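So the chains spell out like this:
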Amino acid sequence: MLKLKLKLKLKKRGFTLWLACVLPVLLVLSACQPIQAPTQLAASGMIPWSQLSTEMKIANAMSGGPMAIARAATILDWPTAEGDDWHVLREGTNRWTCFTDDADFLYPTPAVDPMCLDDVWVEWNDALINGREPVLEAPGIAYMYQGGATVNNDDPFASGPPEGMTVQSGVPHIMLIVPGGLEPTDFAGEMHKGMPFIMFGETAYEHVMVPIVAHTLTAPDPSDRIANAMSAGPMEIAQDATILDWPTEADAGWTTLREGTNGWTCLPDDNVMTPATLTNDPMCLDAVWLEWLTASLEGREPEITRPGIGYMLQGGSIADNEDPSVMTPPEGQAWQIDPPHVMVIYPEPLDVDAWSHDAQSGEPYIMFGGTPFEHLMIPVDPVLVTGTAEAAMAPVTATQSAVAADKSAEQARFVETALALEEAYQQEDVEKVINFYAEDAISYAPGFPSDVGQDAIRGVYQDYFETYELTRDFQLVDVTVNGDFATRTAEWTQILNPRDGSATITEVGRCVLGWQKVEGEWKVIWEIWNTYDDLPSQP
């Protein structure tokens, strides 16, 4: 548990906290990137932290990680004086803690750098601040969706950059603690250049930094095999990776589409295989993961001697989360749709009871637990960056930061409401769903007359939920808030299992919902949506 009676001793150690300036990626993102609200609040020194409400500070902290984690996390603000305690802004109900930007901390960093940490990382953070070695007995996962920086990649207690260097800025990333330590060659990517690399290597605080920037949020059609494969990972990895294609016959080998130079391998969607997975799911793998994949195809146990990282930033699907030998779902069961994610494999067995097994929870979960193929799946909201990750490193102006700060708290409230509607939908709770609609809301369903008013829309949902049991992968694509009006755009893949036992339906769709504040609460006033009969990218 987090030690809320923490006493700071940093000044005596001449310590400057490694968490440093975010480079506000807000300025270079596409308007249709996945939203984690709010994306940005005031940078240190631009808007006085003391002038922000508790609600705005909470919104700032929540922007450090996925909404599925942040919405139930404990929220802490930094101590403001020597010997002060952490300021608890909100008690949480899960194993995560989100920290605000350290703007009012004794040793503030230059800009915005909130973060969300699991309990292993909370221990790490507590140990670092108090100058002791952390007790790390399990893998740890942390999110810094706004990015971050460090004064020194090698020394966690450095008071400034090495001679001739400046503060090193970074893009949005996740951070991994590996029990048992790392070898310098495990992840040899260059610091903050868009590839996984080791921070504070060969110290008690070493960990892996894993960028989560994408150069496209939509996988190209599988007919373009190389472009499709490259869409799975960051450009810094994909542009120099070997591109392999899947075997098309039993006992056949890989087909090399392009030789690479960086030790990574990207593969396109497996639609040429029999059987193929349901969705368009390319991947980019390091050497450890390529061994894992090759072993699974050859029917042998993989030889895993060090940690491995794989990217599937377009998401994917699997027949069974627990059994790697199942190639298609058993009769009556649906494909598991996995969101965009990073995969991590460890040389030591995982505690299968310590992790979720639910792919739809939004939290990291274990796949194939207790088998030689077990690994962690870490859902992420990949951030769109045009070009390389270094292109994202543009400074934000005070005016831009002030505008973001002014809007972010309301955006956070709106996004939380929009996600609560989706949660009610996936629970198939008609009354919860209808509570989000205005009395005179209009639903424009494709191919049908409009449904006007709560009663008409209630009837549609009632009939729908009584007819189908659904499994749904939902992605919030865009949010716009303008005063008392807002829109949200989303995409989904859902599997409908008819309750009468007839054939399962796979449905892909998009929807736009218009919202208005009604007596201080966000309500849907109109919705329009469409669907495809099958996944558009399938041949």
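Below you will find a few notes about this structure. Residue numbers here run from 1 along each chain, matching the order of that chain's written sequence. Only residues with pLDDT of at least 70 are given local features in this predicted model, and only at 80 or more are side-chain atom pairs given and counted; all residues enter the totals for whole chains, interfaces and linings. Computation of side-chain values: all heavy atoms of the structure, hydrogens and water removed.

A look at the sheet that holds strand E16 (residues 308-312)
Then comes step 1: Paired strands are those between which DSSP finds at least two bridges. Where helices and strands are cited, they refer to DSSP runs of H or I of at least four residues and of E of at least two residues respectively, numbered from the N terminus. Ordered by their spatial adjacency, eight strands build an open sheet running E13-E12-E14-E15-E16-E19-E21-E20, and the pairing between neighbours is mixed. Across the chains shown, the open sheet's two edge strands, defined by having one partner strand only, are strand E13 (255-258) and strand E20 (365-367). Ignoring which end each strand starts from, the neighbouring axes of this sheet average 30° apart. All axes here are fitted lines through C-alpha atoms, helices being fitted over the stretch that makes contact, and every angle between N-to-C directions spans 0 to 180 degrees.

Points about the sheet that holds strand E1 (residues 74-77)
Then comes step 1: With mixed pairing, the eight strands of this open sheet are ordered in space as E2-E1-E3-E4-E5-E8-E10-E9. If you trace the sheet from one side to the other, it starts and ends with strand E2 (87-90) and strand E9 (197-199), each paired once. Put simply, the sheet's adjacent strands are angled 30° from each other on average, direction ignored.
Then comes step 2: Bridge count for strand E8 (residues 173-177) against strand E10 (residues 207-211) is four bridges, and the pairing is antiparallel.

Some details on unusual backbone geometry
Then comes step 1: For Phe368, which is not glycine, the phi torsion reads 55° and is therefore positive.
Then comes step 2: Following the sequence through the fold, Phe368 ends up in the loop between E20 and strand E21 (375-379).
Then comes step 3: In this model, Glu428 sits at a positive phi of 55°, which is unusual for a non-glycine residue.
Then comes step 4: Among the structural elements, Glu428 can be located in the loop between helix H8 (398-426) and helix H9 (430-434).

Here's the deal with the pattern of salt bridges
Then comes step 1: For this analysis, a salt bridge means a side-chain nitrogen from Lys or Arg found within 4 Å of a carboxyl oxygen belonging to Asp or Glu. Counting across every chain of the model gives 15 salt bridges.
Then comes step 2: Residues Asp455 and Arg458 are paired through a salt bridge, measuring 2.9 Å at the closest nitrogen-oxygen approach. Separated by three residues within a single helix, Asp455 and Arg458 lie in helix H10 (residues 454-467), roughly one turn from each other.
Then comes step 3: The buried label goes to any residue with under 20% of its type's maximum accessible area, the exposed label to any with over 50%, and the partly exposed label to all in between, with areas taken from a 1.4 Å probe on protein chains only. Residue Asp455 is classed as exposed on the basis of its relative accessible area, which comes to 63%.
Then comes step 4: Each of Arg95, Asp118 and Asp119 takes part in one network of salt bridges that share partners.

Overview of the environment of Thr489
Then comes step 1: Examined against the element boundaries, Thr489 turns out to sit in strand E26 (residues 485-498).
Then comes step 2: Judged by relative accessible area, Thr489 falls into the partly exposed class, the value being 24%.
Then comes step 3: Placed 23 residues apart in sequence, Thr489 and Val512 show a C-alpha to C-alpha distance of 4.5 Å.
Then comes step 4: Setting aside its immediate chain neighbours within four residues, Thr489 contacts Gln475, Leu476, Val477, Asp478, Cys511 and Val512. Residue contacts follow a heavy-atom distance rule, with two residues in contact if any of their heavy atoms lie within 4.5 Å.

Focus: the packing of aromatic side chains
Then comes step 1: Any pair of Phe, Tyr and Trp rings, taking the six-membered ring for Trp, is counted once the centres come within 6.5 Å. Such a pair is stacked with planes under 30 degrees apart, edge-to-face with planes over 60 apart, and tilted for the rest. All chains considered together, the criterion is met by 22 aromatic pairs.
Then comes step 2: Both rings, one in Trp289 and one in Trp292, keep their centres 4.7 Å apart while their planes meet at 55°; by these two values the pair is tilted. Here the residue Trp289 and the residue Trp292 both occupy positions in helix H7 (residues 287-298), the gap between them amounting to three residues, near one helical turn. Just as Trp289 is buried, Trp292 falls in that class too.
Then comes step 3: When the ring of Tyr464 is compared with that of Phe465, the centres are 6.1 Å apart and the planes differ by 55°; the resulting orientation is tilted.
Then comes step 4: With relative accessibility at 6%, the residue Phe465 sits in the buried group.
Then comes step 5: In this structure an aromatic cluster arises from ring pairing among Tyr425, Tyr437, Tyr461, Tyr464, Phe465 and Tyr468.
Then comes step 6: Here the basic side chain of Arg95 rests over the ring of Trp355, its NZ or CZ set 5.0 Å away from the ring centre. In our convention, an over-ring charge means Lys NZ or Arg CZ found within 6 Å of a ring centre and within 35 degrees of that ring's normal.

A closer look at the side chain of Lys57
Then comes step 1: Here Lys57 lies in helix H2 (residues 54-62).
Then comes step 2: The exposure class assigned to Lys57 is buried, which follows from its relative accessible area of 13%.
Then comes step 3: If sequence neighbours within four positions are ignored, Lys57 has contacts with Trp49, Leu52, Asp77, Leu89 and Thr100.

Quick look at the state of the cysteines
Then comes step 1: The definition used for a disulfide is geometric: two cysteine sulfur atoms within 2.5 Å. Taken as a whole and judged by the stated rule, the model has two disulfides.
Then comes step 2: Paired by a disulfide, Cys98 and Cys116 hold their sulfur atoms 2.1 Å apart. Every disulfide takes its handedness from the sign of the S-S torsion; for Cys98 and Cys116 that torsion is 105°, giving right-handed. Pair noted here: Cys98 is in strand E3 (residues 97-99) and Cys116 is in strand E4 (residues 115-117), with a separation of 18 residues, a long-range link.
Then comes step 3: The buried category is assigned to Cys98, whose relative accessible area is 0%.
Then comes step 4: Each sulfur in the disulfide pair Cys266 and Cys284 lies 2.1 Å from the other. For the disulfide bridge between Cys266 and Cys284, the dihedral angle about the S-S bond is near 105°, and by the sign convention the bridge is right-handed.

Comments concerning H7
Then comes step 1: The span you would expect from a helix comes to 1.5 Å times its residue count less one. Taking 1.5 Å per residue, twelve residues should reach 16 Å; H7 reaches 16 Å between its end C-alpha atoms and fits that length.
Then comes step 2: If you check which residues of H7 are buried, you get Val288, Trp289, Trp292, Leu293, Thr294 and Ala295.
Then comes step 3: Between N or O atoms, a polar contact is any pair within 3.5 Å; within protein, one atom must be a potential hydrogen donor and the other a potential acceptor, and residues adjacent in sequence are included only when both atoms are from side chains. Put simply, Asp286 is the residue that caps the front of H7, since its side-chain oxygen is 3.2 Å from the backbone nitrogen of Val288.
Then comes step 4: Among the residues trailing H7, Gly299 stands out with phi positive, at a value near 75°.

What to know about the pairing of strand E27 (residues 505-518)
Then comes step 1: Here E26 runs beside E27; their pairing, made up of twelve bridges, is antiparallel. Bridging from a neighbouring strand, Thr493 pairs with Val508 of E27.
Then comes step 2: Where E26 hands over to E27, the hairpin turn is made up of six residues, of which Gly501 adopts a positive phi near 85°.

Points about the environment of Pro211
Then comes step 1: Among the secondary structure elements, Pro211 is positioned in strand E10.
Then comes step 2: The sequence separation of Pro211 and Pro172 amounts to 39 residues, and the corresponding C-alpha distance is 5.9 Å.
Then comes step 3: Residues in contact with Pro211, not counting those within four places in the same chain, are Val171, Pro172, His173, Gly194, Met195, Pro196, Pro234 and Tyr311.

A word on the side chain of Asn125
Then comes step 1: Here Asn125 shows up in helix H4 (residues 119-130).
Then comes step 2: With a relative accessible area of 3%, Asn125 lands in the buried category.
Then comes step 3: Those residues in contact with Asn125 that sit more than four places away from it in its chain are Trp78, Trp86, Phe99, Met115 and Leu117.

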